[in-house]
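# Understanding the architecture of this molecule
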Amino acid sequence: MSKRTRSHNAQKVIERMGKKLNRQIVGSLAGCVHCGLCTDSCHYVLANPGDPTYAPAYKADQIRKIFKRHYDWTGRVVPWWVKAKSVSSDEDLEALKDTVFGKCTNCRRCSLNCPMGVDYATFNRMARGLLVSVGVMPEGVAVVSKDQWEIGNQMGVLKEDYLETLDWLSEEMQDELGDESAVIPIDKEDADVVYSINPREVKYDPRTISDAAKIFHQAGENWTMPSEGWDMTNFGLFSGDDDLGGSVARRLFEKTSALRGRKLVISECGHGYRSTRCEGQNWAQMDVDFEMESSVNTMLRYIEQGRIKVDKSRNKTPVTFHDSCNNARSCGLTEEPRALLRLVCEDFREMHPNRAENYCCTGGGGAMSMSEYTPRRLKSGKVKAEQLEATGAQIVVTSCHNCVDGLQDVIRHYKLDMKVTQLVNLVAKALVVEKPVPVEAVPTPAEEVAAITAEVSAATPAPVAAADAAPRGSLDGYTILVTDDEPDFVTFASAILEDHGARVLQAHSGEEAMETARREMPDLMTLDLSMPGTSGSEVFERMRRDPELGQLPIFIITGQPELRRLIYDRDVRSPEGYLDKPITEQGLLFNIRKALNVPH
Ligand code: SF4
Ligand code: SF4
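Residues numbered from 1 in each chain as written. Chains lettered and ligands numbered in written order. Predicted model: local features only at pLDDT ≥ 70, side-chain atom pairs only at ≥ 80, totals over all residues. Heavy atoms only, no water.

## Focus: the domain arrangement of the chain
Interface extent is often summarised as the accessible area lost during association of the parts. Entries for the chain in the domain assignment read domain 1 (8-137), domain 2 (138-434) and domain 3 (479-596). Between domain 2 and domain 3 lies a buried interface of about 1,700 Å² when both sides are counted; carbon and sulfur atoms form 52% of it. The tally of links between domain 2 and domain 3 comes to zero salt bridges. Put simply, the parts of the chain that give the side of domain 2 that touches domain 3 at least two residues each are α10 (139-150), α11 (159-177), α12 (199-203), α13 (206-218) and α22 (401-413). (Domains from an automatic or database assignment. Buried area = accessible area lost by both parts, 1.4 Å probe. Salt bridge = Lys/Arg side-chain N within 4 Å of Asp/Glu carboxyl O. Helix = DSSP H or I, 4+ residues; strand = E, 2+ residues; numbered from the N terminus.)

## Thoughts on unusual backbone geometry
Omega for the bond connecting His 352 with Pro 353 falls within 30 degrees of zero, at -10 degrees, which places this linkage in the cis form. With respect to the helices and strands, Pro 353 occurs in the loop between β6 (348-349) and α20 (374-380). Of note, the phi angle at His 34 is positive, near 55 degrees, even though the residue is not glycine. Backbone geometry at Arg 108 places phi at a positive 70 degrees, although glycine is not the residue there.

## Some points on the layout of surface pockets
Volume-wise, the second largest pocket comes out at about 850 Å³. Taken together, 28 residues form the lining of the second largest pocket, with Gly 156, Asp 161, Lys 203, Tyr 568 and Tyr 578 sitting closest to its centre. Considered class by class, the residues forming the lining of the second largest pocket number 12 nonpolar, four polar and 12 charged. Each of two domains, domain 2 (138-434) and domain 3 (479-596), supplies a minimum of three residues to the lining of the second largest pocket. (1 Å grid on protein atoms, 1.4 Å probe; cavity = no way out; pocket = protein on both sides within 12 Å on 5 of 7 lines; lining within 4 Å. Points joined across faces, edges and corners; volume = space filled by probe spheres on them. Nonpolar A, V, L, I, M, F, W, Y, C, P; charged D, E, K, R; others polar.)

## Re the sheet that holds strand β11 (residues 524-527)
Taken in spatial order, the five strands make up an open sheet running β10-β9-β11-β12-β13, and their pairing is parallel. Edge positions in the sheet fall to β10 (503-507) and β13 (577-580), since each of these pairs with one other strand and no more. With strand direction ignored, the average angle separating the axes of adjacent strands in the sheet is 20 degrees. As defined by bridge partners, strand β12 (residues 554-558) adjoins β13 across four bridges and the pair is classed as parallel. The residue bridging Thr 558 from the neighbouring strand is Asp 580, located in β13. (Pairing = 2+ DSSP bridges. Axes fitted to C-alpha atoms, helices over the stretch in contact; angles between N-to-C directions.)

## A few points about empty space enclosed by the protein
Scanning the entire structure with this criterion turns up eight cavities of 30 Å³ or more. A volume near 150 Å³ is recorded for the largest cavity. Taken together, 20 residues line the largest cavity, and the ones lying closest to its centre are Cys 32, Cys 38, Ala 57, Cys 114 and Val 118. Listed by contribution, the elements that provide at least two residues to the lining of the largest cavity are α4 (56-71) and α8 (109-112). Take the lining of the largest cavity: its biggest share by element is four residues, from α4. Split by residue class, the lining of the largest cavity holds 14 nonpolar, five polar and one charged. Each pocket or cavity is described by its volume, and for the second largest cavity that value is around 90 Å³. Contributing to the lining of the second largest cavity are 16 residues, with Cys 42, Lys 59, Cys 104, Cys 107 and Cys 110 lying nearest its centre. Taken together, the elements giving at least two residues each to the lining of the second largest cavity come down to α3 (43-47), α4, α8 and α9 (120-133).

## Describing the site of ligand 2
The full set of residues close to ligand 2 is Cys 32, Val 33, His 34, Cys 35, Gly 36, Leu 37, Cys 38, Ala 57, Cys 114, Pro 115, Met 116 and Val 118. Judged by its atoms lying within 2 Å of the grid points, ligand 2 is housed in the largest cavity. Class assignment of the residues belonging to the shell around ligand 2 gives a composition of 10 nonpolar, two polar and no charged. (Near = heavy atom within 4 Å. Sits in = over half its atoms within 2 Å of the grid points.)

## Brief notes about a negative patch on the surface
On the surface, Glu 160, Asp 161, Glu 164, Asp 167 and Glu 171 cluster together to form a negatively charged patch. Relative to the elements of secondary structure, Asp 161 occurs in helix α11. (Patch = residues over 30% accessible without salt bridge, like charges linked within 9 Å, V, L, I, M, F, W, Y side chains within 5 Å. Areas by Shrake-Rupley, 256 points an atom, 1.4 Å probe, with all protein chains shown as cover. Lys, Arg positive; Asp, Glu negative; His and termini not counted. Charge placed at Lys NZ, Arg CZ, Asp CG, Glu CD.)

## Here's the deal with the site of ligand 1
Taken together, Cys 42, His 43, Tyr 44, Pro 56, Lys 59, Cys 104, Thr 105, Asn 106, Cys 107, Arg 108, Cys 110 and Tyr 120 are the residues near ligand 1. Counting atoms within 2 Å of the grid points, the majority share of ligand 1 lands in the second largest cavity. Going through the elements one at a time, α3 and α4 are the ones with two or more residues in the shell around ligand 1. Partitioned by chemical class, the residues of the shell around ligand 1 number seven nonpolar, three polar and two charged.

## Quick look at the pairing of strand β4 (residues 291-294)
Both faces of the sheet carry side chains from a regular strand, because those side chains alternate between them. Relative to β4, strand β3 (residues 263-266) is paired through four bridges, and the arrangement is parallel. Bridged to Lys 263 within β4 is Glu 291. At this point the chain moves from β3, through helix α16 (residues 270-284), to the parallel β4, and the crossover so formed is right-handed. (Right-handed = clockwise from strand over helix to strand, strands pointing away.)

Spelled out as structure tokens, the structure:
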């Protein structure tokens, strides 16, 4: 095949491959003897025993044959013998995309089981990066990468939303602890701990932030959260884009340095920990002068040093632990989470196999953002579901936000009776909080007068508004229209909202949603984007332009994040909220309350 007959993109992929080859990658590309020992280590193979295209060696060969053809002498001399083959067309690149993004989560379990030291995941990542460099990638990967490049975090969380959320959480913590000094410090200089998080925490799981804040506060830590450069996740690890990896890591490191932080603590996230602590300095090509550690180590140290007290009897439900692939296989973080679990839970049960031999949650390698492969991914979760069920535990704990989503999907798909949580939530639940003892102050004369006036007005009964009578966070008095063509989703979301006091209306298509909205004038409408008939994005624009419905708050909930641009590219007011499926009860409530301005 000459350069002239090869497509432009195929030619670029071949040329760029030459620049990516290093000793480790060449060793892995050349080292496979096709013994097949890695085959059964892959969760895709276990779920598809009759399909050889899922075998790690077969998948690796789709990349290896290009290397052999262009960069290995054996491929030039005896190409038929070593199965060397080039890529020539854009269709060839699409086929490669299906393998490297859609049939592997880069979990590295096969790498661990190869006697020849072949690390397929490493060159699978390289192949992803080559395809991304010519624009061949799943749509979700493009969307998430764009957000991380342009907005600075991979979920497109705007700075004002992030700061507003932290403010909100500070107020809640002050109320809960009865302590004015219990706040989340922002951009404090010379802190001993700079705490970085996953944007999923802001968007779906703010409880993990408030639980961590409570722990730092109780430990008396001199800590802070940065106002920007706070996202420790790094989509460059998944997309194979080292430039993105470097840019994200640099943002985080530079902000920590600017604050003169002494230690960067990384909240519970497998790929964030690996990207930031293990790969970040290489990608960013910079050295840092502060330490980095996982929040798991931080929490463990606080307990061991007596800086916080915990009561494990508050966590009686049997728990098991899922090791994130990045934490366990790539970073060796296996014993600290177990030590912590034993300190804060009464009944911890190991899952088998575990630690570096654990199976992937199915959500690794950025798989959660590639909705076109969801059925394949869920099928590959069979072995994970079996592992979970065999523990007999009711809660699975993991130190990774990606794994939380992957496990929740597996649990739902295989109908297991389990919940997923993180270590920070269990530590916060077990935390023994000693409330500050109020000190009696001697009032000044002016304060005495003010106190008497306050007493008099307190004695005068005031009418109680309905909203005041409702418990904090209640949706009592609000009408919410849930729109989705999936009946299960409508039932699930409606039950959550009704349980918290809302009156819920339901619609299963765009037309039905518009009719119901016009008739009932709800306070807020949730909207799925992908529905038969009039699509969600059309419904959104039509409602925004409608004189009667234009002001109705609309909350997008979609299983296809790649459709996000269909909404945000429209020349109308942005939606009042946005969530990707799968949703959690807590994430839905937090975001709906925020959109409705309901204090929580
Ligand atoms: S890295 Fe994981 S998902 Fe990919 S082939 Fe190996 S075992 Fe399978
Ligand atoms: S990658 Fe390793 S274990 Fe798998 S077939 Fe090749 S040599 Fe054997």
